[in-house]
Amino acid sequence: MTLNLPNIWISVGNAVFLLAVYLYLRKNISTEHILGSSLLAMFTALISGRLFYAFLNQTSYVTAFNIFKSHAGGHSVLGAIIGAFFVFFVYSEYFKLPLGLIVSRVVPAWCLAQAFWRMNCLFAGCCFGRQSESYLFKRLSTLLGLRNPELIPLPIFEILLMVVLFLSLGPLRPAKVKDGHVFWIFIFVYLFYRLIAWQML
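For clarity, every value in this text was computed on a predicted model and none was experimentally measured. (Residues numbered from 1 in each chain as written. Predicted model: local features only at pLDDT ≥ 70, side-chain atom pairs only at ≥ 80, totals over all residues. Heavy atoms only, no water.)

Turning our eyes to something else, we now look at the pattern of salt bridges. In this structure the tally under the stated criterion is four salt bridges. Salt-bridge contacts for aspartate 179 lead to arginine 173; the nearest nitrogen and oxygen are separated by 2.9 Å. You can call arginine 173 partly exposed: its relative accessible area is 25%. A single network of salt bridges, built from pairs that share partners, joins Arg105, Arg173 and Asp179. (Salt bridge = Lys/Arg side-chain N within 4 Å of Asp/Glu carboxyl O. Buried < 20%, exposed > 50% of the residue type's maximum accessible area, 1.4 Å probe, protein only.)

Right, here's the structure in full:
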């Protein structure tokens, strides 16, 4: 049995997400609610990400439901986002928590964590784009020791985008950007990026 080093990035991303959510919300809601909502959101994101992947790629739903075989197949980031934020919406409504504030703090935490989660794709050699003759892409892939230097390294672009979103919606967020706007800015920008990325597949 060998250690799958790329999967370390998933664990790092999970830890970053929990820590960032706690640091962002510890002054607003109880630790119990922070951990309860975050852990439930992560679990739901895993399931919904697997289901969306199975649906989009016409793979086995049995394998998708088996969370103990998460290495078999893949995950849909869009599916994970839908599942996770659905939990935060429902959880906030059920416990009468400030929804706008919670989601506005969760978004930058999610962006930072997603940068680490995409590291797993980057070093595992998945989620890359089509073949490219670009010297820059090949040189960058070679320097990073990536498995598919002939393909467009889409995970790098998403990692950079997530870092920018984390900074702009988190610690460097302008005062005019209200809590209720943060989630929709994130969704709009990410969907716009995915539309561009799909053209590179």
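Moving on to the nonpolar core. In this structure, Phe17, Phe85, Val107, Trp110 and Phe186 are the most contacted members of the largest nonpolar core, which totals 49 residues. When contributions to this core are tallied by element, the ones reaching two or more residues are α1 (8-25), α2 (31-57), α4 (77-94), α5 (99-124), α7 (154-169) and α8 (179-198). No other element matches the twelve residues that α5 contributes to this core. Sequence-distant contacts of phenylalanine 17, that is, excluding residues within four places in its chain, are made with Ser38, Met42, Phe88, Val106, Ala109, Trp110, Ala113 and Trp117. (Core = buried A, V, L, I, M, F, W, Y, C linked by side-chain atoms within 4.5 Å. Helix = DSSP H or I, 4+ residues; strand = E, 2+ residues; numbered from the N terminus. Contact = heavy atoms within 4.5 Å.)

Our focus in this paragraph is a nonpolar patch on the surface. A surface patch of nonpolar side chains, about 410 Å² in accessible area, is lined by Phe52, Phe55, Leu56 and Ile82. Its location among the elements puts phenylalanine 52 in helix α2. (Patch = residues over 30% accessible without salt bridge, like charges linked within 9 Å, V, L, I, M, F, W, Y side chains within 5 Å. Areas by Shrake-Rupley, 256 points an atom, 1.4 Å probe, with all protein chains shown as cover.)

Tracing the sequence through the fold places glycine 79 in helix α4. Take glycine 79: its relative accessible area is 0%, and that puts it in the buried class. Beyond its immediate sequence surroundings of up to four residues, glycine 79 is in contact with Ser48, Gly49 and Phe52.

The final tally for this structure, using the stated rule, is 16 aromatic pairs. Their ring planes at 45° and their centres at 6.3 Å tell us that phenylalanine 17 and tryptophan 117 sit as a pair that is tilted. Of this pair, phenylalanine 17 sits in helix α1 while tryptophan 117 sits in helix α5, and the two are 100 residues apart along the sequence. Across this residue pair, the class does not change: phenylalanine 17 and tryptophan 117 are buried. On the basis of an interplanar angle of 50° and a centroid distance of 5.2 Å, the ring pair of phenylalanine 85 and phenylalanine 183 is categorised as tilted. With phenylalanine 85 in helix α4 and phenylalanine 183 in helix α8, the pair connects residues that are 98 residues apart, well separated along the chain. Just as phenylalanine 85 is buried, phenylalanine 183 falls in that class too. Following the ring pairs from residue to residue traces out a cluster consisting of Phe17, Phe85, Phe88, Phe89, Trp110, Trp117, Phe183, Trp184, Phe186, Tyr190 and Tyr193. (Phe/Tyr/Trp six-rings, centres within 6.5 Å; stacked < 30°, edge-to-face > 60°.)

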